[in-house]
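# Residue-level structural notes
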Amino acid sequence: MTQVIAVAAITVLAVVSPGADFAMTVRNSYLYGRTAGLLAAVGISLGVLVHVAYTMLGVGLLVSRSPALFTVMKLLGALYLVHIGVRTFTARTRLDIDLSGPDGLSRVRALRTGFLTNALNPKTMLFVVSTYTQVVTASTPFAQRIGYGLFMSVAHLVWFGLAALCFSHETLRARMLRRQAVLNRVIGSVLVGLGVALALTPAV
């Protein structure tokens, strides 16, 4: 029971802490609407399962003990955030409430942005790896370990799904779109800043 509580507490704290995943969900939701926001949330939750899968296979332990491998993964994540941030910051196409036009985001791209944001997110990687290596023990049943991973994924889906519902609400979205030039620069700057900070963070 203590282990379950520990995993649940760590997961909740990791999920609600602001980061690139939240910025990406807000970006997709207010720019492209509810479907894009929810698909980003689904992608984020699937990205968590990538870290769970390789951690359970033992690769996570290698990553946590190999500064070079961690640095490569960290830089890939940083470059992706900077890329998306620059694209958001420099966006010139003005969007409106009508989502039926050609300026929308395809379902595949919406899902992919969320997935890559977390699959390449060292914060998520460290959260999963540290939980499985420090809280979950060798005596923990395999099925229970899978359950922990699914809980982590579902927790992300619920939290970012709620964020998507909030920021894609018609009234709030309309207000945000009226200020989209400023918001694009703010969100773009946040994503670039997170990417740069990530790249400059020393390897653990």
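Each residue is numbered by its place in its chain's sequence as written, counting from 1. This being a predicted model, a pLDDT of at least 70 is required before a residue's local features are given, and a value of 80 or more before pairs of side-chain atoms are given or counted; all residues contribute to the totals for chains, interfaces and linings. The side-chain numbers reported here are obtained from all heavy atoms of the structure, hydrogens and water having been left aside.

### Points about helix 2 (residues 20-32)
Rules: Helix numbers and strand numbers start at the N terminus; a helix is a DSSP run of H or I with at least 4 residues, a strand a run of E with at least 2. A helix is expected to reach a length of 1.5 Å times the quantity of its residues less one. Residue burial is assigned from relative accessible area. The probe radius is 1.4 Å, only protein chains are included, and a residue is buried under 20% of its type maximum, exposed over 50%, and partly exposed in between.
Its 13 residues place the ends of helix 2 18 Å apart at the C-alpha level, agreeing with the 18 Å of an ideal helix rising 1.5 Å per residue. Counting buried positions along helix 2 gives twelve out of 13 residues, so the element sits mostly inside the fold. What helix 2 keeps buried is the set Ala20, Asp21, Ala23, Met24, Thr25, Val26, Arg27, Asn28, Ser29, Tyr30, Leu31 and Tyr32. In the stretch just after helix 2, Gly33 is the one whose phi turns positive, near 100 degrees.

### Side note on the packing of helix 2 against helix 8 (residues 142-167)
The cut-off we apply is this: For every element, the axis is a line fit to its C-alpha atoms; helices are fit only across the contacting stretch, and the angle between N-to-C directions ranges from 0 to 180 degrees. Should the near helix be turned anticlockwise from the far one by less than a right angle, the crossing is termed left-handed; should it be turned clockwise, right-handed. Between two residues, a contact is recorded if the distance between any of their heavy atoms is within 4.5 Å. All residues other than Ala, Val, Leu, Ile, Met, Phe, Trp, Tyr, Cys, Pro, Asp, Glu, Lys and Arg, Gly among them, are scored as polar; the first ten of these are nonpolar and the last four charged.
Closest axis-to-axis distance for the helix 2/helix 8 pair is 8 Å, and the angle between their directions is 35 degrees. Judged by the sense of rotation from one axis to the other, the crossing of helix 2 with helix 8 is right-handed. Judged by residue contacts, Asp21, Phe22, Thr25, Val26, Ser29 and Tyr30 of helix 2 engage His156, Trp159, Phe160, Ala163, Ala164 and Phe167 from helix 8. Looking at side-chain class alone, the contact of helix 2 with helix 8 contains eight nonpolar, three polar and one charged residues.

### Describing the nonpolar core
Let me state the cut-off plainly: Residues belong to one nonpolar core when they are buried, are Ala, Val, Leu, Ile, Met, Phe, Trp, Tyr or Cys, and are joined through side-chain atoms within 4.5 Å.
Counting residues in hydrophobic clusters, the biggest one holds 18 residues, and the most contacted among them are Tyr30 and Leu191. For this core, the secondary-structure elements that each account for two or more residues are helix 2, helix 3 (34-56), helix 5 (67-89), helix 9 (170-178) and helix 10 (180-200). With seven residues, helix 2 is the largest single contributor of residues to this core. The next biggest cluster of nonpolar side chains, apart from the first, holds ten residues, and it includes Val7, Val52, Val128 and Met152.

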